[in-house]
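In case you want the letters, here they are:
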Amino acid sequence: MPAFTKKAIADSFLKLLREKPLDKITIKDIVEDCGINRNTFYYHFEDIPNLVETILKEETEQVLGEHLGEDSWEEGFIAATRFALNNKKSIYHIYNSVNREVFEQYLNRIGMDVMERFVEKAAKGLSVSEEDKTLMASFYRAALTGMILDWLASGMNYEPEDVIRRLGVMLEGGIEAAFLNMARAV
C-alpha cells in the first residue's frame, strides 16, 4: 500500500503541475487531489521540492535502466529529451521555478552515467588513466546537457532527436582519437 500511495501522490502532483506553475501548487492541493491527509503526504515526502527530486530521480533510474546496454550515448540523451517533450508543460513549470537546479541535476546525472559508459567502451584496449576518462566524460556531459538546457530555454522549438543523432555522427571516433593524442603526448 505505501508504494501505491507514494505513486498516487506523485501522479496527483504531476497532474497539478500540468495545470499550474510549481510555485502555485501546495501540499493542500496535492492531498485534496489525491484524497489523502497531510500526514500521509509527510510520511512519504518531506516537502514539495523533495517530491520533485524523487520523481526526477526515479525517472533517471528508469531511463538509465532502459538504456544501460546501449552502444551509443545518443539513446540516453534522446530518452531524456523524450521525457521532457512528453511532460513539456510540467518540465517548464519545474524549469522556470526555483527548483531548476533539481532538473539540471537530473540531466547531469543521466548525462554523466551515459557518457561514463560510452567513454569506458571507447577506452577499451587503450592505456588511459581513470582521471582522463572522467575528464572526457565530464566534457561531453557538459556540452550535451548544455545543449539540452539551451533547447529548453528556446521553448523546445525543434525535434532534439535529429540534433542528437547528427552530433553522434559528428563526434564519432572523437573520444578514441583524443585518447590516442593524449597517449602520444605523454
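Residues numbered from 1 in each chain as written. Predicted model: local features only at pLDDT ≥ 70, side-chain atom pairs only at ≥ 80, totals over all residues. Heavy atoms only, no water.

Some thoughts on the overall build of the chain
Consideration 1: From N to C terminus, the chain includes 10 helices and 0 strands.
Consideration 2: Moving toward the C terminus, one meets the helices and strands of the chain in the order α-α-α-α-α-α-α-α-α-α.
Consideration 3: The C-alpha extent of the chain, read off along each of the three principal axes, is 65 × 35 × 25 Å.
Consideration 4: Counting over 186 residues, the chain shows a buried share of 42%.
Consideration 5: By element, 53% of the accessible surface of the chain is carried by carbon and sulfur atoms, the whole surface being about 10300 Å².
Consideration 6: Looking at the chain, you have 22 positive and 31 negative side-chain charges, and the mean spots of the two groups are 4 Å apart. (Helix = DSSP H or I, 4+ residues; strand = E, 2+ residues; numbered from the N terminus. Buried < 20%, exposed > 50% of the residue type's maximum accessible area, 1.4 Å probe, protein only. Areas by Shrake-Rupley, 256 points an atom, 1.4 Å probe, with all protein chains shown as cover. Lys, Arg positive; Asp, Glu negative; His and termini not counted. Charge placed at Lys NZ, Arg CZ, Asp CG, Glu CD.)

Concerning the pattern of salt bridges
Consideration 1: By the definition in use, this model includes 10 salt bridges.
Consideration 2: Between Lys 28 and Glu 32 there is a salt bridge, with its nearest N and O atoms 3.8 Å apart. Here the residue Lys 28 and the residue Glu 32 both occupy positions in helix H2 (residues 27–34), the gap between them amounting to 4 residues, near one helical turn.
Consideration 3: Of the residues examined, Glu 32 reaches a relative accessible area of 53% and is grouped as exposed. (Salt bridge = Lys/Arg side-chain N within 4 Å of Asp/Glu carboxyl O.)

Here we look at the environment of Ala 183
Consideration 1: Its place among the elements puts Ala 183 in helix H10 (residues 174–185).
Consideration 2: Its relative accessible area of 45% is what places Ala 183 among the partly exposed residues.

Let's talk about the nonpolar core
Here is a general trend for soluble globular proteins: nonpolar side chains tend to be buried in one another's company.
Consideration 1: By size, the foremost hydrophobic cluster in this structure holds 53 residues, and its most contacted members are Phe 13, Ile 30, Leu 51, Phe 103 and Leu 152.
Consideration 2: Looking at which element gives the most residues to this core, the answer is helix H7 (residues 100–123), with 11 residues.
Consideration 3: The residues contacting Leu 152, other than those within four sequence positions of it, are Ile 91, Tyr 92, Tyr 95, Phe 103 and Leu 107. (Core = buried A, V, L, I, M, F, W, Y, C linked by side-chain atoms within 4.5 Å. Contact = heavy atoms within 4.5 Å.)

Some words on the confidence of the model for the chain
Consideration 1: Confidence in the prediction for the chain averages 84 pLDDT; 93% of positions are at 70 or higher.
Consideration 2: Mean pLDDT across the elements of the chain bottoms out in helix H5 (residues 74–86) (78) and peaks in H2 (96). (pLDDT = per-residue confidence, 0-100.)

Quick notes on H7
Consideration 1: Taking 1.5 Å as the rise per residue, H7 with 24 residues should run 34 Å; its terminal C-alpha atoms sit 34 Å apart, in good agreement.
Consideration 2: Of the residues flanking the end of H7, it is Gly 125, one or two places downstream, whose phi is positive at about 85°. (Expected span 1.5 Å × (residues − 1).)

Topic: the packing of aromatic side chains
Consideration 1: As enumerated under the stated definition, the model contains 3 aromatic pairs in all.
Consideration 2: Between Phe 41 and Tyr 42 the ring centres are 5.5 Å apart and the planes differ by 90°, which places this aromatic pair in the edge-to-face class.
Consideration 3: For Phe 41, a relative accessible area of 0% corresponds to the buried category.
Consideration 4: Between Phe 41 and Phe 45 the ring centres are 5.7 Å apart and the planes differ by 45°, which places this aromatic pair in the tilted class. Comparing Phe 41 with Phe 45 shows no difference in burial state: the two are buried. (Phe/Tyr/Trp six-rings, centres within 6.5 Å; stacked < 30°, edge-to-face > 60°.)

A word on the environment of Asn 50
Consideration 1: Relative to the elements of secondary structure, Asn 50 occurs in helix H4 (residues 48–66).
Consideration 2: Separated by 52 residues in the primary sequence, Asn 50 and Val 102 have C-alpha atoms spaced 9.5 Å apart.
Consideration 3: In terms of polar contacts, Asn 50 uses its side chain to reach the backbone amide nitrogen of Glu 46, at 3.2 Å. (Polar contact = N/O pair within 3.5 Å; in protein donor to acceptor, adjacent residues only side chain to side chain.)

Topic: the environment of Tyr 140
Consideration 1: If you trace the backbone, Tyr 140 turns up in helix H8 (residues 130–153).
Consideration 2: A relative accessible area of 8% places Tyr 140 in the buried class.
Consideration 3: Spatially, the C-alpha atoms of Tyr 140 and Met 115 are 6.9 Å apart, while their sequence positions differ by 25 residues.
Consideration 4: Setting aside its immediate chain neighbours within four residues, Tyr 140 contacts Met 115, Leu 171, Gly 174 and Ile 175.

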